[in-house]
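# Observations on the three-dimensional arrangement
So the chains spell out like this:
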Amino acid sequence: MAIVFIALGANLGDPSSQANDAIEAIKTLTSTQVLQVSPFYRSKPLGPQDQPDYLNAVLKIETTLLPLELLSAVQEIEKNLGRVRKSNRWGPRTLDLDILLYDDLILTSEILTIPHYDMKNREFVLYPLFDIAPELVLPDKQRISDLLQKVPMNNMVRW
Ligand code: ROI
């Protein structure tokens, strides 16, 4: 069994129902349990500002799926819940599910990078992650509590 943290983001349609649907869908994956769900936050868009605020949250799951199997599974959920992948990488999205951490694995490949390449800089990842895992230490031995000190809330509030 691996312990995995997944970031959830949405800023189109009805973000909270997409988030809840995504959590329900993750619960149905083979040999996967959702252990914790962070509070939902409302964050300012990173990237172009002419898009709605985001709903962001983080989930802690336990799974026997391997990293690439889990990636396919969450991409399938994104697709089923209506995400249209736009050419604009920084544009709005109905649902985004990113694997942040997979045990203490460090993986760099064309398809998947773990830990998530920018997680240490994103308030909308660090704060919900801290809510559910305040003692967490990243594979590079950095503590979530130390990382949090360096990243301001940037007007993020509870959803
Ligand atoms: N900005 C916020 N606040 N939250 C996100 O989840 C998010 N996701 C993205 C980009 C476009 C980088 N901006 C975001 O993919």
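This text follows the structure it describes.
Attention here is on the structure that accompanies the text. From a predicted model like this one, the values you see are computed outputs, not experimental measurements. (Residues numbered from 1 in each chain as written. Predicted model: local features only at pLDDT ≥ 70, side-chain atom pairs only at ≥ 80, totals over all residues. Heavy atoms only, no water.)

### Re the site of the ligand
Taken together, Gly9, Ser43, Lys44, Pro45, Leu46, Tyr54, Asn56, Trp90, Gly91, Arg93, Asp96 and Phe124 make up all the residues around the ligand. Here Ser43 contributes a side-chain N or O atom positioned 2.8 Å from a nitrogen atom of the ligand. Compared with its free state, where it exposes 360 Å², the ligand has 94% of that area covered by protein. Residues belonging to the shell around the ligand are distributed by class as follows: five nonpolar, four polar and three charged. (Near = heavy atom within 4 Å. Polar contact = N/O pair within 3.5 Å; in protein donor to acceptor, adjacent residues only side chain to side chain. Areas by Shrake-Rupley, 256 points an atom, 1.4 Å probe, with all protein chains shown as cover. Nonpolar A, V, L, I, M, F, W, Y, C, P; charged D, E, K, R; others polar.)

### A short note on the packing of aromatic side chains
Evaluation of the coordinates by the stated rule reveals zero aromatic pairs. Against the face of Trp159 rests Arg42, its NZ or CZ located 3.9 Å from the ring centre. (Phe/Tyr/Trp six-rings, centres within 6.5 Å; stacked < 30°, edge-to-face > 60°. Lys NZ or Arg CZ within 6 Å of the ring centre and 35° of its normal.)

### Topic: the environment of Leu35
Tracing the sequence through the fold places Leu35 in strand β2 (residues 32-37). Between the alpha carbons of Leu35 and Val137 there is a distance of 18 Å; along the sequence they are 102 residues apart. Non-local contacts of Leu35, meaning those with residues more than four positions away in its chain, are made with Ile3, Lys60, Ile61 and Glu62. (Helix = DSSP H or I, 4+ residues; strand = E, 2+ residues; numbered from the N terminus. Contact = heavy atoms within 4.5 Å.)

### Here's the deal with unusual backbone geometry
Look at the link from Ile114 to Pro115: it is a cis peptide, with omega at -5°. If you trace the backbone, Pro115 turns up in the loop between β7 (113-114) and α3 (123-132). The backbone phi angle of Ser31 is positive, close to 40°, even though this residue is not glycine. Take Ser31: it is sitting in the loop between α1 (15-27) and β2. A relative accessible area of 32% places Ser31 in the partly exposed class. Although it is not a glycine, Asn154 sits at a positive phi angle of roughly 55°. (Buried < 20%, exposed > 50% of the residue type's maximum accessible area, 1.4 Å probe, protein only.)

### Some words on the nonpolar core
Among the nonpolar cores identified, the biggest contains 26 residues, and Val4, Leu8, Ile26, Leu70 and Leu97 are the most heavily contacted of them. Looking at this core, the elements that each hand over two or more residues are β1 (2-10), α1, β4 (54-63), α2 (67-80) and β5 (96-102). Looking at which element gives the most residues to this core, the answer is α2, with five residues. In this view, Leu70 contacts Val4, Leu29, Ile61, Leu65 and Ile99; residues no more than four positions away in its chain are not counted. Ranked by size, the runner-up nonpolar core spans 21 residues in total, among them Phe124, Ala133, Ile144 and Val151. (Core = buried A, V, L, I, M, F, W, Y, C linked by side-chain atoms within 4.5 Å.)

Keep in mind these values describe shape, not function.
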